[in-house]
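Now for the letters of each chain:
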Amino acid sequence: MPFKHLISTGSGLAAAALLIMAASATAAPETTKKNDSPPNIVIFLADDMGYGDLGCHGESHIKTPHIDKFASESVEFTNFHVSPVCSPTRAALMTGRYPFRTGICDVYGPGAEMDPNELTVAERLRELGYATGIFGKWHLGIGAEQSPSKQGFDEALTCKDHAMREYFDPVLLHNGVEKKFEGYCMDIFTAAAIRFIREKRDQPFFVYLPANLIHVPLQVPDELKAPFEDLDVTNSTKKIYGMSSSLDTGFGRVRAVLAELGLEENTLLIFTSDNGPCSSSGPVDRHMAGLRGLKGTVYQNGIRVPCFMRWPAGFSSPGKVTRLAAHIDILPTALEIAGGEIKFGPAVDGASLMPLLTNASAPWPDRTLFFQWDSGQIPRRGHAFAVLTEKWKLVQPCGMDSPEQKHIRKRYQQLCEIQKRPNHTSIEGPPRYELYDIRTDPGETTDLADQHPEIVHKMMEQYDAWFTDVTRRWSKPPKTKD
């Protein structure tokens, strides 16, 4: 019997705090008859693309016609959240678990090395007979045991290190072996993914394409930047626009080959991003859709990202789901549509989104989600976290960077000055607790903490219980996969 959703079994957390909530939508999708064969699954993950970086979300300069068209034909999760930075999001997406559980708390050093005993979505799908391939940025460890080839992927074309430093003619790892490629990084990864799809077309396949765009370094072909040269924006933003065009073209090519091969009908195709706009790329003149913050912050522009899903054989679209969803939900969603159950391995924190995808009006309970990034190599209680429900968001914004990593706070200070907002992200000062009615105030403009101290207290208790639960591995040896 396929499972419908899974929650963490962690101690100290009220069950209701981790259950999934009721669904609502406009143009609610309806269930259609499923194909008899298991669906293919393709996850396209952008890097540092914020919620406002798409034409469908109000950006008037960036040309993203393929993604915008897909958005108009998909079920859009308008309230989808991820971690403030990339490695934690990737760990959550791969495992369905909060990043601290997996050994990930940072983007470099030991804090960016996922425990090899973690079970990934690729491992679980391979158990169900799927061919599995990754083409892009892994960023969950560079050791042999943490490599994608040891984490369930039959084919892996990835960066040599955590991230790429050269986007033209790069040296990449193909199944663990260094190889030099010619061309631009996005074209290389897209071509490899398309080849894999063609080769595996006669069996179910899982393709994970975690693009390294639009992350720094800002390197882009001149012809892609040229259309934006006359815009009154910073040079870095012009480069980001060109990189976004490359990302959009790559996504369009992948979707086109699915259609060409007659596979689109029975493929779950997901587009999302790993966090909000990058702080070191001059994002202060980018469209931010009214959201506060940047990558690295736990304000909404750091953790709320675009998310579109389409599977014609499984559910009707377009539609909009406004209920709370997150990166930890991808794995259980993928496993449910693949017809699998979690029969082994560690507890999963996420919930299958299939009830929302098939009926966006289906009732289900509220949930409480938690987001934290800690640049201290080990999780530190109370540093830069958010507790999020359908209505309320508790934010403690201080401590997101270590004293040595100041670039995010510097860029955010510039943004606060332009937007005439207070900057409360100091690492040296005491923590502060802000409360927002996120349903009516998605821009986080009015702090209601003084008016609702009882809600702040309750959400602080939930955070403390969650932190104690998800950091247990840091005080004892991890379990093995057996």
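Rules used throughout
Residues numbered from 1 in each chain as written. Predicted model: local features only at pLDDT ≥ 70, side-chain atom pairs only at ≥ 80, totals over all residues. Heavy atoms only, no water. Helix = DSSP H or I, 4+ residues; strand = E, 2+ residues; numbered from the N terminus. Buried < 20%, exposed > 50% of the residue type's maximum accessible area, 1.4 Å probe, protein only. Contact = heavy atoms within 4.5 Å. 1 Å grid on protein atoms, 1.4 Å probe; cavity = no way out; pocket = protein on both sides within 12 Å on 5 of 7 lines; lining within 4 Å. Points joined across faces, edges and corners; volume = space filled by probe spheres on them. Nonpolar A, V, L, I, M, F, W, Y, C, P; charged D, E, K, R; others polar. pLDDT = per-residue confidence, 0-100. Pairing = 2+ DSSP bridges. Phe/Tyr/Trp six-rings, centres within 6.5 Å; stacked < 30°, edge-to-face > 60°. Lys NZ or Arg CZ within 6 Å of the ring centre and 35° of its normal. Arc of directions from axis to C-beta. Axes fitted to C-alpha atoms, helices over the stretch in contact; angles between N-to-C directions. Parallel < 35°, antiparallel > 145°, perpendicular 65-115°, else oblique.

## Here's the deal with the side chain of Ser244
Consideration 1: Its place among the elements puts Ser244 in helix α8 (residues 235–260).
Consideration 2: For Ser244, a relative accessible area of 0% gives the class buried.
Consideration 3: If we skip the residues at most four places from it in the chain, Ser244 touches Met49, Ile62, Thr64 and Ile214.

## Details of empty space enclosed by the protein
Consideration 1: Considering all chains together, one arrives at two cavities of 30 Å³ or more under this definition.
Consideration 2: Counted as a void, the largest cavity has a volume near 60 Å³.
Consideration 3: Taken together, Ser83, Tyr98, Pro99, Phe100, His327, Phe370, Phe371, Gln372 and Trp466 form the lining of the largest cavity.
Consideration 4: When residues of the lining of the largest cavity are assigned to their parent elements, the largest contribution, three residues, is made by strand β14 (residues 369–372).
Consideration 5: Within the lining of the largest cavity, the residues separate by chemical class into six nonpolar, three polar and no charged.
Consideration 6: The volume enclosed by the second largest cavity comes to roughly 40 Å³.
Consideration 7: Residue lining of the second largest cavity: Phe70, Arg255, Leu258, Glu264, Thr267, Leu269 and Arg310, and that is the complete set.
Consideration 8: Going through the elements one at a time, α8 and β10 (267–273) are the ones with two or more residues in the lining of the second largest cavity.
Consideration 9: Looking at the lining of the second largest cavity, its residues break down into three nonpolar, one polar and three charged.

## What about the confidence of the model for the protein chain?
Where the model shows low pLDDT, its predicted coordinates should not be examined in detail.
Consideration 1: Across the protein chain, the average pLDDT comes to 86, with 84% of residues at or above 70.
Consideration 2: Taken together, the stretch residues 1–34 has pLDDT below 50 and engages in 120 contacts with residues farther than four places along the chain or on a different chain.

## As for the pairing of β10
Consideration 1: Burial analysis of β10 places seven of its seven residues in the buried class, which makes it a mostly covered element.
Consideration 2: Both faces of β10 are covered, namely the face carrying Thr267, Leu269, Phe271 and Ser273 and the face carrying Leu268, Ile270 and Thr272.
Consideration 3: Relative to strand β11 (residues 307–310), β10 is paired through four bridges, and the arrangement is antiparallel. Residue pairing across strands places Thr272 opposite Cys307, the latter belonging to β11.

## A word on the environment of Phe181
Consideration 1: Examined against the element boundaries, Phe181 turns out to sit in the loop between β8 (177–180) and α6 (185–199).
Consideration 2: For Phe181, a relative accessible area of 17% puts it in the buried group.
Consideration 3: Each C-alpha atom, one on Phe181 and one on Val171, is 6.2 Å from the other, the two residues being ten residues apart in sequence.
Consideration 4: Ignoring sequence-local partners within four residues, the contact set of Phe181 consists of Leu157, Asp169, Pro170, Leu172 and Ile188.

## Section: the environment of Ala360
Consideration 1: Of note, Ala360 is situated in the loop between α11 (354–358) and β14.
Consideration 2: What makes Ala360 buried here is its relative accessible area of 0%.
Consideration 3: In sequence terms Ala360 and Thr322 are 38 residues apart; their C-alpha atoms lie 8.6 Å from each other.

## Description of the packing of aromatic side chains
Consideration 1: Here the structure, examined in full by the defined rule, presents 21 aromatic pairs.
Consideration 2: Relative to Phe271, the ring of Phe44 has its centre 5.8 Å away and its plane inclined at 25 degrees; by these criteria the two rings are stacked. A residue pair is termed long-range when its members are at least 10 positions apart, and Phe44 in strand β2 (residues 40–46) and Phe271 in strand β10 qualify at 227 residues. Like Phe44, the residue Phe271 is buried in the burial classification.
Consideration 3: With centroids separated by 6.0 Å and ring planes inclined at 25 degrees, the aromatic side chains of Phe153 and Phe206 adopt a geometry described as stacked. Of this pair, Phe153 sits in the loop between β5 (131–136) and β6 (155–159) while Phe206 sits in strand β9 (residues 205–210); the two residues are 53 residues apart in sequence, bridging distant segments of the chain. Like Phe153, the residue Phe206 is buried in the burial classification.
Consideration 4: Through successive ring pairs, a cluster of aromatic residues spans Tyr98, Phe100, Phe370, Phe385, Tyr433, Tyr463, Trp466 and Phe467.
Consideration 5: Just above the ring of Tyr299 sits the side chain of Arg292; from NZ or CZ to the centre is 4.2 Å.

## A look at helix α2 (residues 65–72)
In an α-helix, one turn spans 3.6 residues; hence positions three or four apart end up facing the same way.
Consideration 1: Those residues of α2 that fall on the buried side of the exposure criterion are Ile67, Asp68, Phe70 and Ala71. One side of α2 carries all its buried residues, which in axial view fall inside an arc of 160 degrees.

## Describing the packing of α6 against α8
Consideration 1: Contact geometry of α6 with α8 gives a least axis separation of 10 Å together with a crossing angle of 10 degrees. Our classification of the angle between α6 and α8 gives roughly parallel. Residue-level contacts link Met186, Asp187, Thr190, Ala191, Ile194, Ile197 and Arg198 of α6 to Ser246, Leu247, Gly250, Arg253, Val254, Val257, Leu258 and Glu260 of α8.
Consideration 2: Considering only residue class, the contact of α6 with α8 consists of eight nonpolar, three polar and four charged.

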